[in-house]
Amino acid sequence: MTSPSAVTTVRSLAFSSPLIEAVHVENAEDHLVEGRAVVVNLDLSPAAVDREPRFWIPPLSSTILHDTRIRSARSLLVLRGGLDPDGADAAVTAQPGWALLADLLPEGAFPREVPLWRSPQDEAGSATFVPEAVLRQRPHGRARRYRVLVNLWFAPAGTDCLIHNEHEFLEVHTQVAGRGRMQKFARADHASLYEDVLMSPGYTTPEPFCQVGPDGAFRYPWHQYRGDTDCVWLAVEYHEQAE
C-alpha cells in the first residue's frame, strides 16, 4: 500500500495514442479512473478500490473499471480505448514508434512472415519481491528489485506469434482489444499443446508461468500468444536490477 506522505503521480506512457491511451499511476490515493478503462495492478500489493463492500485488484492482475476511484495503490497502468472484444483496430500500428518485431531484431532472429507488431517500450516504476514466493516455489530465496517495462503488441486474426521458451525476465500479459489466447506446449510443436488460456479485454494471465531455476534464472515452458481476432495486448516485464 502507499504511505501517508506519498504523492500521486500520473504519466502518459511512450505508446499512449489517440486510439489507446496509456498512463502510469504511482502512489494512487483517492484516484478517479474516469470512463471505462482496463486497470492493471503492476505491484505485489493489492490495490484497494473505493466501493462497498470493499474489494481489491490483486497483485499482477487487472480488471475493467467504470468511473471508479482507487482508494490506494502503489503502481497502476490504466488503458482507455480499444477494449472491443470483436477485434482491435489495426491502425494502432501506424502510431509513432510501432514496428514489426522482425525489424527490431537482428536479421534472421525472428521470422519476417509473422506479422507481430510492437509498440515503443516504456518504464513503469519498479517492484521488489521474492520471485520464488510469487511463483509458489520453496524454498524461498532473497528479495530482488525489478524494473517494470511495459509495451503493447498487435497481431492480426489467426496469427501464431511463435513458440518460444526463453525470457530473461518475469512476464505477464493483459488483453486490451480482440480475443486471443496464451498457449503452452510440451515441445516446440503445435501438436504438443497442453494448455490453452482464452483472453478477452481486461483479462490478465492469472500468474507468471515461469519458475526460478537452480541458477536463479527464469525458466519458461514452450509457449506462444495466438490471436483469434485482430488483437492488442499488453506485456509487463520485470527485469532484475543489478545490485
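Residues numbered from 1 in each chain as written. Predicted model: local features only at pLDDT ≥ 70, side-chain atom pairs only at ≥ 80, totals over all residues. Heavy atoms only, no water.

Q: What exactly am I supposed to notice about the nonpolar core here?
A: If you look at soluble globular proteins, the nonpolar side chains tend to sit buried side by side. Grouped together as the largest cluster of nonpolar side chains are 52 residues, with contacts concentrated most on Leu-79, Leu-116, Val-150, Val-232, Leu-234 and Tyr-238. Those elements that provide at least two residues to this core are β2 (20-41), β5 (61-81), α1 (101-104), β8 (122-129), β9 (144-155), β10 (170-177), β12 (193-199) and β16 (231-240). Not counting chain neighbours up to four residues away, the residues in contact with Leu-116 comprise Ala-99, Leu-100, Leu-101, Phe-110, Trp-153, Phe-154, Ala-155, Cys-161 and Trp-233. Judged by nonpolar contacts, the second largest core, of 14 residues, contains Val-25, Val-49, Ala-73 and Leu-76. (Core = buried A, V, L, I, M, F, W, Y, C linked by side-chain atoms within 4.5 Å. Buried < 20%, exposed > 50% of the residue type's maximum accessible area, 1.4 Å probe, protein only. Helix = DSSP H or I, 4+ residues; strand = E, 2+ residues; numbered from the N terminus. Contact = heavy atoms within 4.5 Å.)

Q: Help me understand the packing of aromatic side chains, please; the structure alone is not making it clear to me.
A: For any two aromatic rings, the description comes down to two numbers: the centre-to-centre distance and the angle of the planes. Taken as a whole, this structure holds 4 aromatic pairs when the rule is applied. Seen in terms of ring centroids, Phe-129 and Tyr-238 are 5.9 Å apart; in terms of plane orientation they differ by 80 degrees. Their pairing is edge-to-face. Remark: Tyr-238 occurs in strand β16 and Phe-129 occurs in strand β8; sequence separation between them is 109 residues. On the basis of relative accessible area, Phe-129 is assigned to the buried category, the value being 6%. Accessibility expressed as a relative area gives 1% for Tyr-238, which makes it buried. A ring pair is formed by Tyr-225 and Trp-233, whose centres lie 3.7 Å apart and whose planes are at 20 degrees; its orientation type is stacked. For Tyr-225, a relative accessible area of 4% gives the class buried. A residue is classified by how much of its surface remains accessible, and Trp-233, at 3% relative accessible area, is buried. Three or more aromatic residues joined by ring pairs form one cluster here, namely Phe-129, Tyr-146 and Tyr-238. (Phe/Tyr/Trp six-rings, centres within 6.5 Å; stacked < 30°, edge-to-face > 60°.)

Q: Even after reading the chapter, I still don't get the state of the cysteines, so can you show me in this structure?
A: Under the defined criterion, the tally for this structure stands at 0 disulfides. With no disulfide of its own, Cys-161 lies closest to Cys-231 among cysteine sulfurs, the gap being 8.3 Å. Cys-161 gets classed as buried once you look at its relative accessible area, which sits at 7%. Between Cys-210, a cysteine without a disulfide, and Cys-161, which holds the nearest cysteine sulfur, the sulfur-to-sulfur distance is 19 Å. (Disulfide = S-S within 2.5 Å.)

Q: Please clarify how the pattern of salt bridges should be interpreted in this entry.
A: For side chains of opposite charge, pairing can occur when their charged atoms come near one another. A complete count under the given rule lists 19 salt bridges for this structure. Taking the shortest distance from any N to any O, the salt bridge between Glu-240 and Arg-142 comes out at 3.4 Å. In this pair, Glu-240 is assigned in strand β16 and Arg-142 in the loop between α2 (131-134) and β9, connecting sequence segments 98 residues apart. Judged by its relative accessible area of 37%, Glu-240 falls in the partly exposed class. For Arg-142, a relative accessible area of 45% puts it in the partly exposed group. Residue Asp-228 is joined to Arg-181 by a salt bridge in which the shortest nitrogen-to-oxygen separation is 2.9 Å. One end of the pair, Asp-228, is in the loop between β15 (222-227) and β16; the other, Arg-181, is in strand β11 (residues 180-185), and 47 residues separate them in sequence. (Salt bridge = Lys/Arg side-chain N within 4 Å of Asp/Glu carboxyl O.)

Q: I'm lost on the environment of Pro-18 in this one. Help?
A: Looking at the element boundaries, Pro-18 is found in the loop between β1 (9-12) and β2. The class of Pro-18 is exposed, set by a relative accessible area of 79%. Separated by 63 residues in the primary sequence, Pro-18 and Gly-81 place their C-alpha atoms 8.1 Å from one another.

Q: Looking at this structure, how should I read the sheet that holds β1?
A: Note on sheets: strands pair through backbone hydrogen bonds, and any given pair is parallel or antiparallel. In space, the 5 strands of this open sheet follow the order β1-β2-β5-β3-β4, with antiparallel pairing throughout. Strand pairing shows two members of the sheet lacking a second neighbour, β1 and β4 (55-57), which therefore form its edges. On average, each strand axis in the sheet is tilted by 35 degrees relative to the strand beside it, whichever way the strands run. Note that strand β3 (residues 47-49) and β4 share 3 bridges and pair antiparallel. Residue pairing for β4: Val-49 is matched across the bridge by Phe-55. (Pairing = 2+ DSSP bridges. Axes fitted to C-alpha atoms, helices over the stretch in contact; angles between N-to-C directions.)

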